[in-house]
Amino acid sequence: GGTGSGKTSVVNLIPRFYDATEGTVRVFGKSVKDQDIESLRSQIAVVPQKAVLFAGTIRENMKWGKEDATDEEIMEALAIAQATEVVEKKEGGLDAFVEQGGKNLSGGQRQRIGIARALIMNPDLIIADEAISALDVSIQAQVVNLMKKIQKETGIAYLFIAHDLSMVKYISDKIGVLHLGHLVETGTTEEIFDNPIHPYTKSLLSAIPHPNPRVEKVRKSFTYDYKESGVDYTKGTEHLVDGTHYVLATDEEFEKWTKK
């Protein structure tokens, strides 16, 4: 979803940084309101858009994720997140790295520290809130590849929040498209990319640049203006397209959008 669509609100609702005024948020199969808040938060870690490193050593920053973390756990989490690779040739090795501050680290290195800080909690769910959008494109690819590698090795779940659909396509199994606080379309990555139904989803996908310059030259973007579309999200209901693919629409809109 784009800016103002409600992505950060979702981030805040899941670990109950604030509670929903209506509706239900379920995590691990239960409503978050029915779960002990401290227990819930111990299973969830958030990697923000820019990993903030506080004054002090990397060790102290890591303990902010888990206060009683041992040096062995810190080193393991840093190694998994490839946060130590930049200092392996440095005199003193990992110990020297852990004792240094974060002011001399690059954006990508800081973000890896943020991932390591999340991993040290041993969570079941990591919420990556625009966790790569502030990084250079080449560094974005490195961080996302790292996240996929960690997921394969640990089985951890991600809620990957972004507005870059090409990156979403690369990392996600399931996708939810947010617009103006409404979940307008959901489905597997294949269902959304191969058969977008909602006009907002179509507009997002049509804006993705094509790597082939000849195709890119003739690519046409689809424009969607909610105010002029005649669509009213409050009147729509969830309609099943196929499989696990759902779209928010009235009966008339659904018939129109799915007509071949």
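Residues numbered from 1 in each chain as written. Predicted model: local features only at pLDDT ≥ 70, side-chain atom pairs only at ≥ 80, totals over all residues. Heavy atoms only, no water.

Notes on helix α6 (residues 107-119)
- A rise of 1.5 Å per residue sets the reference length of α6, with its 13 residues, at 18 Å; its end C-alpha atoms lie 18 Å apart and thus fit the reference within 8%.
- Counting buried residues along α6, ten of its 13 residues qualify, which places the element largely inside the surrounding structure. (Helix = DSSP H or I, 4+ residues; strand = E, 2+ residues; numbered from the N terminus. Expected span 1.5 Å × (residues − 1). Buried < 20%, exposed > 50% of the residue type's maximum accessible area, 1.4 Å probe, protein only.)

Brief notes about the sheet that holds strand β5 (residues 157-161)
- With respect to topology, three strands assemble into an open sheet ordered β3-β4-β5, the strand pairing being parallel. Only two strands of the sheet have a single neighbouring strand rather than two, namely β3 (44-47) and β5. The average angle at which neighbouring strand axes cross in this sheet is 15 degrees, direction not considered.
- Direction of pairing for β3 relative to strand β4 (residues 125-129): parallel, over a ladder of four bridges. Looking at β4, one finds that Val46 is bridged to Ile127.
- α6 contacts β3 and β4 of the sheet and is inclined by roughly 175 degrees relative to β3.
- The strands that helix α7 (residues 137-154) touches are β4 and β5; relative to β5, the one it contacts most, it runs at about 155 degrees. (Pairing = 2+ DSSP bridges. Axes fitted to C-alpha atoms, helices over the stretch in contact; angles between N-to-C directions. Contact = heavy atoms within 4.5 Å.)

A word on the layout of surface pockets
- Approximately 1,700 Å³ is the volume attributed to the largest pocket.
- Taken together, 48 residues form the lining of the largest pocket, with Val10, Leu159, Gly176, Leu178 and Leu183 sitting closest to its centre.
- Mapped onto the lining of the largest pocket, the elements with two or more residues apiece are α1 (7-13), β1 (26-27), β5, α8 (165-171), β6 (174-179) and β7 (182-188).
- Broken down by class, the residue content of the lining of the largest pocket amounts to 26 nonpolar, 16 polar and six charged.
- For the second largest pocket, the calculated volume is near 400 Å³.
- Counting residues per element, the ones that place at least two in the lining of the second largest pocket are α1, β3 and α6.
- Here the residues of the lining of the second largest pocket sort into twelve nonpolar, four polar and six charged. (1 Å grid on protein atoms, 1.4 Å probe; cavity = no way out; pocket = protein on both sides within 12 Å on 5 of 7 lines; lining within 4 Å. Points joined across faces, edges and corners; volume = space filled by probe spheres on them. Nonpolar A, V, L, I, M, F, W, Y, C, P; charged D, E, K, R; others polar.)

As for the pattern of salt bridges
- Enumeration according to the criterion identifies five salt bridges in this entry.
- Here Glu73 and Lys66 are joined by a salt bridge, their closest N and O atoms 3.0 Å apart.
- Residue Glu73 is classed as partly exposed on the basis of its relative accessible area, which comes to 28%.
- Across the pair Lys149 and Glu153 runs a salt bridge, and its minimum N-O distance is 3.0 Å. With Lys149 and Glu153 both in helix α7 and four residues apart, this pair spans about one turn of that helix.
- The partly exposed category is assigned to Lys149, whose relative accessible area is 38%. (Salt bridge = Lys/Arg side-chain N within 4 Å of Asp/Glu carboxyl O.)

Quick look at the nonpolar core
- In terms of nonpolar packing, the biggest core is built from 52 residues, with Met62, Leu78, Ile113, Ile115, Ile126, Met147 and Phe160 touching the most fellow members.
- With residues up to four places along the chain from it excluded, the contact list for Met147 reads Ile115, Ala128, Tyr158, Phe160 and Ile171.
- In terms of nonpolar packing, the next biggest core, distinct from the first, is built from twelve residues, Leu13, Leu40, Ile44 and Ile127 among them. (Core = buried A, V, L, I, M, F, W, Y, C linked by side-chain atoms within 4.5 Å.)

Geometric values such as these leave the question of function open.
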